[in-house]
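Take a look at the letters that make up each chain.
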Amino acid sequence: MGMTKTSAHRRPFTPLPTLGRDAAKVSNEPVVTDAAFWLNGRYCIASDAHPRWEELVMDDEKSPTERRVWAKKTDALETRSVRQTTQSGELLAKVVFTSCVRYSYDREQPIWDTIKAFDPDLLLLLGDNVYTKGWNASRLEQRYIQQCTKVPTFQWLLTNKGHVATWDDHDLGPNNAKGGSKKGLKNRDAARNLLFQYLGNKQGAKGSLLPVEGEIYCSYELAGCYFIVLDGRYYSESLKKNPNAALLGQAQEEWLWKQLHIAQTGGYHATFVCCGSTIEANGELGESVSHYQWFYEEFRREFEKCPIPIFLSGDIHENKFFQHDGFIEAISSGAAQLEDNPGYKFWKLGKRRKRKIANFGEIYLHDDHLRINLISSRYELQTRFYTYA
């Protein structure tokens, strides 16, 4: 590949991985993009205004800088950015979703500056928003104070942007905590009240928040799409001794079936169900929705009837797309975490440490289509594109 000479103040060019089977092929049609991603620890905006390759490197300044790198066009090449034709519909709203924020691992958390620059109309916080140990409300509150007062841009987003927060095990109690357990029943109300106090939902300038009084679960209408946010912890019970244990509790289940019916009949473009737990990516018993088989089968049957059913989740410290029977799952986890994969550990000062990661997802809601990007600090960009019926 021939490249123009890199100036002294710029970092060496790092090739981005291809996007796989969903990436568009290089064509002669002029295309533009607004895809955002991380490169060398900085925020980048991809732009393709030429039928050949166009990639990015970053200079040492904080603002992104474009630099074109031309490659010979062959049938084997795929675009390395999300392509969107100039004739695409009007952009109505933007959504960011992420999860797993551990202040002790990353106190600066530059990811929120990236998200602020994206200017979302709705921020979805999908659990493990703080990390505590044991069932201790005082310690849990200290974690909220750290995250919500000592990270300025995160605080700004909570104040100025529409946001909805649900939780997972670590912002309820210890690892794999369940609100329906013996200790959970004693401590879940205090933990939920802290979530309301520090991450209480806020309606944005666009969209409509539809809360349920006293509950974490709620719904949100935005740009002709319907978002259903679940509480997968307060009522959850252990499956170890009871294969018929509850995940959502009776009242929330009844509410969910009504919400799915609204999504099916309300004329919406797409339906998003949001939860801290994944469908099946966490193999620990009771930590994935599909482990609650009797519930999951009924949920799947109803969810697949909805227009463009998409499940948003977190928990696993990775970005991933999964195709399930009847719907797709988009996972974004690891907003401020350490790399779990031992292959990404590195040596520094004689000690073996893990890399920081900063993963998030973004959703573009247009009047005729939507696009989901999963963006990671490992220079990876995954995308899915859906045209409305």
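Sequence order sets the numbering: in each chain, residues are counted from 1 along the sequence as written. Only residues with pLDDT of 70 or above have their local features reported here, since the model is predicted, and side-chain atom pairs are shown and tallied only from 80 upward, although totals for entire chains, interfaces and linings are computed over all residues. No hydrogens and no water enter the side-chain calculation; it runs on all heavy atoms of the structure.

**Q** A description of empty space enclosed by the protein should follow, citing residues and the corresponding values.
**A** Two kinds of site are reported from a 1 Å grid over the protein atoms alone, namely cavities, where a 1.4 Å probe fits but cannot get out, and pockets, open sets with protein on both sides within 12 Å along at least five of seven lines, and residues are called lining when an atom falls within 4 Å of a point. Grid points are joined across faces, edges and corners, and a volume is the space filled by probe spheres set on the points. One pass over the structure, following the stated rule, counts 3 cavities of 30 Å³ or more. Estimates place the volume of the largest cavity at around 60 Å³. Around the largest cavity, the lining residues are Thr132, Gly134, Trp135, Asn136, Ala137, Leu140, Leu172, Asn187, Ala190 and Ala191. Comment: elements are numbered from the N terminus, with helices defined as DSSP H or I runs of at least four residues and strands as E runs of at least two. Listed by contribution, the elements that provide at least two residues to the lining of the largest cavity are α2 (137-149) and α4 (182-199). With 3 residues, α4 is the single largest residue contributor to the lining of the largest cavity. Each residue is assigned to one of three groups, with Ala, Val, Leu, Ile, Met, Phe, Trp, Tyr, Cys and Pro labelled nonpolar, Asp, Glu, Lys and Arg labelled charged, and all others, Gly among them, labelled polar. Here the lining of the largest cavity is composed, by residue class, of 6 nonpolar, 4 polar and no charged.

**Q** Mind laying out the nonpolar core, listing which residues take part and the relevant values?
**A** Here, the term nonpolar core denotes a set of buried Ala, Val, Leu, Ile, Met, Phe, Trp, Tyr and Cys residues that are joined through side-chain atoms within 4.5 Å. For every residue, the accessible area obtained with a 1.4 Å probe (protein chains only) is divided by the maximum for its type, and the residue is called buried under 20%, exposed over 50%, and partly exposed between those limits. By size, the foremost hydrophobic cluster in this structure holds 35 residues, and its most contacted members are Trp112, Ile115, Leu125, Tyr144, Phe154 and Leu199. Mapped by element, the contributors of at least two residues to this core are α1 (111-118), β6 (122-126), α2, α3 (152-160), α4 and β19 (360-366). With 5 residues, the single largest contributor to this core is α4. Contacts were defined at the residue level, with two residues in contact if any of their heavy atoms lie within 4.5 Å. Once residues lying within four places of it in the same chain are set aside, the contact partners of phenylalanine 154 are Trp112, Leu125, Gln147, Cys148 and Leu199. In terms of nonpolar packing, the next biggest core, distinct from the first, is built from 30 residues, Val95, Leu365, Leu374 and Tyr388 among them.

**Q** Could you give an account of the state of the cysteines, naming the residues involved and the relevant values?
**A** Two cysteine sulfurs form a disulfide in these notes if their separation is within 2.5 Å. All chains considered together, the criterion is met by 0 disulfides. Considering cysteine sulfurs only, cysteine 218 is the nearest to cysteine 274, which forms no disulfide, with 8.6 Å between them. Since its relative accessible area comes to 0%, cysteine 274 is described here as buried. The thiol of cysteine 275 is not disulfide-bonded; the next cysteine sulfur, from cysteine 274, is found 8.9 Å away.

**Q** Summarise the packing of α2 against α3; cite the residues concerned and give the values.
**A** Two measures define how a pair of helices packs: the angle their axes make with one another and the distance between the axes. Between the N-to-C directions of two axes lies an angle of 0 to 180 degrees, each axis being a line fitted to C-alpha atoms and, for a helix, fitted only over the stretch in contact. Relative to each other, α2 and α3 sit at 85°, their axes nearing to 6 Å. Relative to α3, α2 is oriented roughly perpendicular. Residues Gln147, Cys148 and Thr149 of α2 form the contact with α3, whose own contacting residues are Phe154, Gln155 and Leu158. Of the residues that constitute the contact of α2 with α3, the class distribution is 3 nonpolar, 3 polar and no charged. Here the angle decides the label: under 35 degrees means roughly parallel, over 145 means roughly antiparallel, 65 to 115 means roughly perpendicular, and every other value means oblique.

**Q** Talk me through the sheet that holds strand β13 (residues 319-324); I want residue IDs and the actual numbers.
**A** Reading across from one edge, β8-β9-β10-β11-β12-β14-β13 is the order of the 7 strands in this open sheet, with mixed pairing throughout. The open sheet has two free edges, formed respectively by β8 (208-211) and β13, since each of these has just one partner strand. Taken over all neighbouring pairs, the strand axes of this sheet differ in orientation by 20° on average, direction set aside. Here strand β9 (residues 218-222) pairs with strand β10 (residues 225-229) via 5 bridges, running antiparallel. Among the inter-strand pairings, glutamate 221 is bridged to a residue of β10, identified as tyrosine 226. Along the sheet face, helix α5 (residues 250-265) touches β9, β10 and β11 (270-274) and points at about 170° away from the line of β10. Strands were regarded as paired on the criterion that DSSP finds at least two bridges between them.

**Q** Residue-level account of the packing of α5 against helix α6 (residues 293-303), with values.
**A** One can describe the packing of α5 onto α6 by two numbers: an axis separation of 10 Å at closest approach and a directional angle of 15°. Taken together, the axes of α5 and α6 are roughly parallel relative to one another. Considering the relative orientation of α5 and α6, their crossing is right-handed. Contacts between α5 and α6 pair Glu253, Leu256, Trp257, Leu260 and Gln264 from the former with Trp294, Phe295, Glu298, Phe299, Glu302 and Phe303 from the latter. Here a crossing is called left-handed whenever its near helix is offset anticlockwise from the far helix by less than a right angle, and right-handed whenever the offset is clockwise.

**Q** Describe the pairing of β10, with residues and values.
**A** Judged by how many residues are buried, β10 sits mostly within the fold: 5 of 5 residues are covered. Covered by surrounding structure in β10 are Cys225, Phe227 and Val229 together with Tyr226 and Ile228, the residues of both alternating faces. Linking two consecutive strands that pair antiparallel, namely β9 and β10, is a turn of 2 residues; a positive phi of about 50° is found at alanine 223 within it. In this structure, β10 lies alongside β11, joined through 5 bridges in parallel fashion. Residue pairing across strands places isoleucine 228 opposite valine 273, the latter belonging to β11. Crossover handedness for the path β10 to α5 to β11: right-handed. By convention, a crossover is right-handed whenever its connection, traced from the first strand over the helix to the second and viewed with the strands pointing away, goes clockwise.

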